[in-house]
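So the chains spell out like this:
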Amino acid sequence: SSALPVESDVNPNQAVIDKLQEMANLYRNSNDKWRAFGYQKAISSLKKCHKPVTTYEEIRRLPGIGSRLAEKIVEIMETGSMTKLEEYQTDADIAVMDLFGQIWGIGPAQAKRWVDLGYRTLDDLRTKAKLTHNQRIGLKYYSEFLERIPRDEVTQIEHVVREAAETIRSGLLIITCGSYRRGKATCGDCDILITHRDGVSHEHLLYPLVDKLKASNFLIDDLVYTDKHEDEPGAHFRYFGVCRLPGDDHLPRRIDIIVVPYAEHACALLYFTDSMLFNRSMRQLADENQMYLSQHRLHVGVIRMGKNKVNGGRLVPTPTEESIFQYLKLSYRPPSERDY
Ligand code: DCP
Ligand code: MG
Ligand code: MN
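The sections below set out a description of the structure shown in this document. The structure presented is a predicted model; accordingly, all values stated were derived computationally and were not measured.

**Remarks on the coordination of the manganese ion (ligand 3)**
In step 1: Protein-derived ligands of the manganese ion (ligand 3) are D189 (OD), D191 (OD) and D256 (OD), with the metal-ligand distances lying across 1.9 to 2.3 Å.
In step 2: Coordination of the manganese ion (ligand 3) draws on donor residues from a single chain, spaced D-x1-D-x64-D in sequence.
In step 3: The metal-metal distance between the manganese ion (ligand 3) and the magnesium ion (ligand 2) comes to 3.5 Å, with D189 coordinating both.
In step 4: By relative accessible area, which is 16% here, D189 ends up buried.
In step 5: On the basis of relative accessible area, D191 is assigned to the buried category, the value being 9%.

**With respect to the pairing of strand β4 (residues 190–196)**
In step 1: Most of β4 sits inside the fold, with seven of its seven residues counted as buried.
In step 2: Side chains C190, I192, I194 and H196 of β4 all project onto a buried face; the interleaved residues D191, L193 and T195 project onto the opposite face, where all are buried too.
In step 3: Relative to β4, strand β2 (residues 172–176) is paired through five bridges, and the arrangement is antiparallel. Note on β4: the bridge partner recorded for L172 is H196.
In step 4: Two strands pair when backbone bridges link them, and β4 and strand β7 (residues 253–259) are joined in this way by five bridges, in the parallel orientation. Looking at the pairing, C190 lines up with I255 of β7.

**Section: the site of ligand 1**
In step 1: Ligand 1 sits among 14 residues. The nearest are S179, G188, D189, D274 and N279.
In step 2: In the environment of ligand 1, an oxygen atom lies 3.4 Å from a nitrogen or oxygen atom belonging to the side chain of R148.
In step 3: Within the side chain of N279, a nitrogen or oxygen atom sits 2.9 Å from an oxygen atom of ligand 1.
In step 4: Contributing elements (two or more residues each) for the shell around ligand 1: α12 (178–181), α14 (265–273) and α15 (276–288).
In step 5: Residue composition of the shell around ligand 1, by class: four nonpolar, five polar and five charged.

**Remarks on a nonpolar patch on the surface**
In step 1: A cluster of nonpolar side chains, contributed by I303, M305 and V310, occupies part of the molecular surface with about 330 Å² of accessible area.
In step 2: Within the secondary structure layout, M305 lies in strand β10 (residues 303–305).

**Comments concerning the pattern of salt bridges**
In step 1: Overall, the coordinates contain 19 salt bridges when judged by the stated rule.
In step 2: Across the pair K51 and E58 runs a salt bridge, and its minimum N-O distance is 3.0 Å.
In step 3: The class of K51 is partly exposed, set by a relative accessible area of 46%.
In step 4: By relative accessible area, E58 is classed as buried at 17%.
In step 5: Two residues, D274 and R338, come together in a salt bridge whose shortest N-O distance is 3.0 Å.

Cut-offs and rules
- Residues numbered from 1 in each chain as written.
- Chains lettered and ligands numbered in written order.
- Predicted model: local features only at pLDDT ≥ 70, side-chain atom pairs only at ≥ 80, totals over all residues.
- Heavy atoms only, no water.
- Donors = N, O, S within 2.8 Å, 3.2 Å for Na, K, Ca; no water.
- Buried < 20%, exposed > 50% of the residue type's maximum accessible area, 1.4 Å probe, protein only.
- Helix = DSSP H or I, 4+ residues; strand = E, 2+ residues; numbered from the N terminus.
- Pairing = 2+ DSSP bridges.
- Near = heavy atom within 4 Å.
- Polar contact = N/O pair within 3.5 Å; in protein donor to acceptor, adjacent residues only side chain to side chain.
- Nonpolar A, V, L, I, M, F, W, Y, C, P; charged D, E, K, R; others polar.
- Patch = residues over 30% accessible without salt bridge, like charges linked within 9 Å, V, L, I, M, F, W, Y side chains within 5 Å.
- Areas by Shrake-Rupley, 256 points an atom, 1.4 Å probe, with all protein chains shown as cover.
- Salt bridge = Lys/Arg side-chain N within 4 Å of Asp/Glu carboxyl O.

And the structure:
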């Protein structure tokens, strides 16, 4: 009985192909085109082979696979890994991962992905990697974004935003939150919260404000810009971008602006001010007391079954940050004591 090769989505040698592809990518991205080509030939040969290869001899019979590569394929089949590939995950790689991880918005997973693709320098990323818009901006301002912003400069940045906002609408409440409000001497960025006490005049403010600040060359690059809740349901109207004060002696700085309805402003203030850990423990405390706390609101009488809310509870008014502490039966802590 002669079995015809069966076309299927999964190649029987896929695990081997994946490892070889990783190695091919590494060689290609480190400009070793010949080695990359050798691996690529072996990969296409294996892709055309529709039964699992199991021995050195079988592998050698495939076109385009020499003895050295065949030995490596045997190693992958026997151990599931490849020494040559592992060698790339060295101390040097870890240093590169740290370098990449310092780019704004880049976490360890993305940093590792780039290292696995063979990129070793910021220039490799600039010239060879496929970058998203935000990754490109993060790279563009790599060293600038690593500089802390002196407190005074954050005050000046807030001033520029305030002036522009007040020409668009009067009576706005503008508060710089984040590490600035916690009293830090230097800040990573400038976190500005805007609301209006009349409960409606915060609407349709963000677009004209951003336009105005762009026209005056204060805002110089965008990162996140949503006047709609399309990216994540429940997210605030927000603008994340890059600003620069006039004058040659000022660096580009990260700026975050959120615009919130007055009814939500205390929950938003709390969220936008407190350290991430403090936020997490406040939310946890709420959960433990049949409440739900978010950057928008506080609910009481929440009934949960495991992680699911069986009953969403009742929205309670939170006119001030103090009121939120009271619901949680905590004594009030000023921003400077919400830093851990
Ligand atoms: N925040 C959070 N969870 C996130 C991101 C932010 O709880 N994933 C909150 C906590 C921060 C506030 O938003 O206080 C502002 O975030 P920043 O990243 O600007 O952090 P900080 O202002 O605290 O520090 P930095 O000086 O580095 O900007
Ligand atoms: Mg900040
Ligand atoms: Mn921020």
